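Architecture at a glance
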Amino acid sequence: MISLALTLVLIAFVVRLLQVQAVDADAYAAKAEQNRYVVHTLAAERGGITDRNGVALAASVDAYDITADPTMFTRKQLKIGDGPEQAAALLAPILGLEQADLVKKLRPKDKKLQYVRLAGRQTPQVWTQIKDLKAALAKKAQTDDATVNVLAGVFADPTSRRVYPNGDLAAGILGWVNADGKGGGGIEQQLNKALTGKDGKIRYAQSGGRQVPTAGSTETPAVPGSDIELTIDRDIQWAAQNAITEQVKKSKADRGYVIVQDTRTGEILAMADSPGFDPNDLTKADPAALGNAAVQDAYEPGSTAKVMSMAAVLEENAATPLTHVTVPNRLHRGDRLFKDDVDHKTWYLTLNGVLAKSSNIGTILATGQLGKTQPGANRVLYSYLRKFGIGSYTGLDFPGETKGILAAPDTWSTSQQYTIPFGQGVSINAMQAASVYSTIANGGVRVEPTLVRGTKGADGRFAPAAQPKKTRVISAKTAKSLAQMLESVVDDEQGTGTKARIPGYRVAGKTGTANRVDPATGKYKGYTSSFAGFAPADKPRITVYCAIQNATEGLYFGGQICGPIYKQVMEFALKTLQVPPTGAKAASLPVEFTP
């Protein structure tokens, strides 16, 4: 009986061995390999972003993803039931996370789960702190049987973290990187694919949560992202951002923007807005300040848009800068009575004087000559506005960019056909406004604005960005006449832009003060104050545009609060780029005529 029983037991063992080693061998081998081998992602290093001179604006620094193997926190492994709770209590203050959230990760519903990420992109100091605590527990556990190393299953995977060394400088352009490592705004979002690169993978054998060095491993290296070189000049960006921030605070305004552009190439040297934010710490940022208001805000530009009306009048040979325009105190058109910013007796102005004194009535009278009928004049003006880029995207392809609002001429209301010539009833963004003046400065050729000079790939080769699109808008002759007229705005004592004068330089510019639509109510409330221009006027190199929304303290006229900003930023840019004065005398076109 004993022999029979032993024989049956041995037969059972043999059958089981045959099942395990022969029949189900592949299945068990696969299961063993699954438990033995771990596959981790090797995060690709995100490409850096620099200004035109190679100064770092956004960079990636060493960091660690803090990870854990939940199977090493079980009662069976630690011989205690509250391992996850004890580990979470130690880790929570170091990682700045809630203890309950960590417990959920360390005690997952899937009992076989061997990899969880507790916290991403932590500094090396954080991992050092955890590592030291882990080592201290391990050492104590060797001499004290009551001590359990509850952090034995905590590890770190090398990765990188995004930093912005200049704080809030150019934040509206750069954007930020979210918790998943993807661009959440600005260039970081627009060029996320190029910046991200391609993640790699590593597969290795592990035992007790540690790599077995003799078991071999397979690795697919990560491919780092491309570096992006912007057209921005860090110093000019700082000057623009500092100037607009101070004026917005002083005027207690809602916001403001300054754009600096190279008139010849279309490259943006600065694009600053205020209030801004620090992409290093979005928790302190005002949600309304995120993004880039210079391309996202649509508003009625006011008198800075008159230069496009004058361009149409000159290009169509409807008048010359010296054409006489008699400007009454009031002008009845359609269902409205139009006036200028100041009450005045009848003005006897040249067309140049209409622009210098920023007369709404004079502009209406001049653009009325664009066609035999008012609808005909409307169509001609509309065609020029479109050529200047109004109602279209600028070509930047920037996230959140607005193309503004420009209705078709056959839908213009009775009042719109007379207000659009002086910049009301049409909406633009700040980049479009700057581009208009750069077009005139560039001899009438519009160059699409650009923010990116090129990229440098993993192979170290620099690939310049594609050449921007160029479009002839007006003739060189018309552009030169407009530049001389814009000089009168600044140089002539009757001009509205005298505060933008720069000693030694010929300056072309235009003021603007427009009724502003309140985004909250959709009704007119407050003003949009602006100034646009370029220098040197006779040999243009730089365009500067400034706008402030809803100034509530002190003056609100564009020439008064934006003219000084234009001067401050333009002077800095001219010196930075070492642009000398031309030394030529101003054209000094007449503003008035004697009837």
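Within an unreviewed UniProt entry, the label attached to the chain reads Penicillin-binding protein 2, and the organism entered is Streptomyces adustus. Annotation of the chain in UniProt includes, under Sequence similarities (unreviewed entry), the sentence "Belongs to the transpeptidase family." For the chain, the Subcellular location (unreviewed entry) comment in UniProt is given as "Membrane".

Some points on the overall build of the chain
A tally of regular secondary structure across the chain gives 20 helices and 24 strands. Against the compact-globule benchmark of 25 Å for 595 residues, the chain has a radius of gyration of 34 Å, which places it well outside the compact range. The dimensions of the chain, computed from C-alpha atoms along their principal axes, are 140 × 45 × 45 Å. A total of 595 residues make up the chain; the buried ones form 50% of that total. Long-range contacts, defined here as pairs at least 24 residues apart, represent 72% of the contacts in the chain between residues at least 6 apart.

Focus on the environment of F531
Relative to the helices and strands, F531 is located in strand β23 (residues 524–535). Under the relative-accessibility criterion, F531 is labelled buried at 0%. When the C-alpha atoms of F531 and S303 are compared, they prove to be 9.1 Å apart, with 228 residues separating the residues in sequence.

Looking at the pairing of strand β11 (residues 227–230)
With two bridges connecting them, strand β2 (residues 49–50) and β11 associate as parallel partners. When the sheet's bridge partners are listed, I49 is paired in β11 with I228. Pairing of β11 with strand β19 (residues 452–456) involves four bridges; the strand directions are antiparallel. Within β19, the residue paired with I228 across the bridge is T455.

Side note on the side chain of N192
As for its position among the elements, N192 is in helix α9 (residues 192–196). Owing to a relative accessible area of 18%, N192 belongs among the buried residues under this scheme. At 2.9 Å, the side chain of N192 forms a polar contact with the backbone nitrogen of G183. Beyond its immediate stretch of four places on either side in the chain, N192 contacts R46, G181, K182, G183 and I187.

Section: the state of the cysteines
Linking two cysteines covalently through their sulfur atoms gives a disulfide. For the structure on display, the rule yields zero disulfides. In this model C546 remains outside any disulfide bridge; the closest cysteine sulfur is found in C562, 3.1 Å from its own. C562 sits in the buried class, given a relative accessible area of 0%.

Comments concerning helix α6 (residues 124–143)
An ideal rise of 1.5 Å per residue puts 28 Å on 20 residues; α6 measures up with 29 Å between its terminal C-alpha atoms. Elements that come into contact with the buried residues of α6 comprise β3 (56–68), α4 (83–95), β4 (116–122) and β5 (154–163).

A word on the packing of aromatic side chains
In total, this model carries ten aromatic pairs according to the counting rule given. Both rings, one in F338 and one in F422, keep their centres 6.3 Å apart while their planes meet at 80 degrees; by these two values the pair is edge-to-face. One end of the pair, F338, is in strand β16 (residues 336–338); the other, F422, is in the loop between α16 (416–419) and α17 (430–441), with 84 residues separating them in the sequence. As far as burial versus exposure is concerned, F338 and F422 are alike and both buried. Among the aromatic residues, those joined into a ring-pair cluster are F338, Y418 and F422. The ring of W347 carries the charged tip of K357 above its face, separated from the ring centre by 4.5 Å. Lying over the aromatic face of Y384, K387 brings its terminal NZ or CZ to 4.7 Å of the ring centre.

What counts as what
- Residues numbered from 1 in each chain as written.
- Predicted model: local features only at pLDDT ≥ 70, side-chain atom pairs only at ≥ 80, totals over all residues.
- Heavy atoms only, no water.
- UniProt positions renumbered as here; feature names shortened; annotations may be inferred.
- Helix = DSSP H or I, 4+ residues; strand = E, 2+ residues; numbered from the N terminus.
- Rg over C-alpha atoms; globule rule 2.2 N^0.38 Å.
- Buried < 20%, exposed > 50% of the residue type's maximum accessible area, 1.4 Å probe, protein only.
- Contact = heavy atoms within 4.5 Å.
- Pairing = 2+ DSSP bridges.
- Polar contact = N/O pair within 3.5 Å; in protein donor to acceptor, adjacent residues only side chain to side chain.
- Disulfide = S-S within 2.5 Å.
- Expected span 1.5 Å × (residues − 1).
- Phe/Tyr/Trp six-rings, centres within 6.5 Å; stacked < 30°, edge-to-face > 60°.
- Lys NZ or Arg CZ within 6 Å of the ring centre and 35° of its normal.

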